[in-house]
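Take a look at the letters that make up each chain.
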Amino acid sequence: MGAPVDRELLDRLDAALAAIAEAVPWAERSANRVVWATGAADAGNDVDDDLGDVARFDRQCSEIRAADVGNGWFVHPADRRRPRSDVPTEIDGFGPCTPFGSSGGGDWFVLSADGSVWMLPPSTIRNGHYEPGPVAITQVAPSIRGFVEVILAAATSEP
């Protein structure tokens, strides 16, 4: 599944998001930041390899808010990822997934069983089952770390 997300990568992303908040007149820092998990500063880069990628990520970071990067990139706090009938937990024809974020355009970011991150465009969700529509689902990154690197690349390329 690759290297986990570490504090150094999250620090770089937070600095890039702070720069956007300073450079863009309408951008607010509260909407462009890394929200650290409670105790993350004391935890350093220690990770438990027995935890899944999302759980390891949650030990470092509670949330990512990148509202003014492209169309918006958001990693939701764990309490917003609870299964509900309107949250995708299974993709028809693809298999189970773990939702953990969204875009400003209504796309879901989900983690597949192999650890890769996929973007699900807006479509019908019935009892947790996402029904692919006319716009294809796409792989965004091979891992959560890769996903954070994609957000960082987008944030550092913003004017």
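Remember, predicted model here, so these are calculated numbers, not experimental data.

Now for the packing of helix α1 (residues 7–23) against helix α4 (residues 144–157). Contact geometry for α1 and α4: axes closest at 9 Å, N-to-C directions at 30°. By the angle between their directions, the pair α1 and α4 is classed as roughly parallel. By crossing handedness, the relation of α1 to α4 is classed as left-handed. Contacts from L9, L10, R12, L13, A16, L17 and I20 of α1 reach α4 at R145, V148, E149, I151, L152, A155 and T156.

For the rest of this paragraph, the subject is the pairing of strand β2 (residues 61–66). One face of the sheet, then the other: side chains in a regular strand alternate in exactly this way. Here strand β1 (residues 32–36) pairs with β2 via five bridges, running antiparallel. When the bridges of β2 are listed, V35 appears paired with E63. Here three bridges tie β2 to strand β3 (residues 73–75), and the two strands are oriented antiparallel to one another. Considered in β3, the bridge of R65 is made with F74. Hairpin connection of β2 to β3: six residues between the antiparallel strands, including G70 at a positive phi of 55°.

Attention now moves to the confidence of the model for the chain. Of all residues in the chain, 89% have pLDDT values of 70 or greater, and the mean over the chain is 87. With pLDDT under 50 throughout, residues 41–51 is counted as low confidence; its partners more than four residues away or in other chains account for 16 contacts.

Right, let's get into the side chain of S143. Looking at the element boundaries, S143 is found in the loop between β10 (138–141) and α4. Relative accessible area serves as the criterion here: at 8%, S143 is assigned to the buried category. In terms of polar contacts, S143 uses its side chain to reach the backbone amide nitrogen of R145, at 3.4 Å.

Another point: helix α3 (residues 53–60). Burial in α3 covers these residues: D53, V54, R56, F57 and Q60. Each buried residue of α3 lies within a common arc of 160° when the element is viewed along its axis, so the set occupies one face.

What counts, and at which threshold
Residues numbered from 1 in each chain as written. Predicted model: local features only at pLDDT ≥ 70, side-chain atom pairs only at ≥ 80, totals over all residues. Heavy atoms only, no water. Axes fitted to C-alpha atoms, helices over the stretch in contact; angles between N-to-C directions. Helix = DSSP H or I, 4+ residues; strand = E, 2+ residues; numbered from the N terminus. Parallel < 35°, antiparallel > 145°, perpendicular 65-115°, else oblique. Left-handed = near helix turned anticlockwise from the far one by under 90°. Contact = heavy atoms within 4.5 Å. Pairing = 2+ DSSP bridges. pLDDT = per-residue confidence, 0-100. Buried < 20%, exposed > 50% of the residue type's maximum accessible area, 1.4 Å probe, protein only. Polar contact = N/O pair within 3.5 Å; in protein donor to acceptor, adjacent residues only side chain to side chain. Arc of directions from axis to C-beta.

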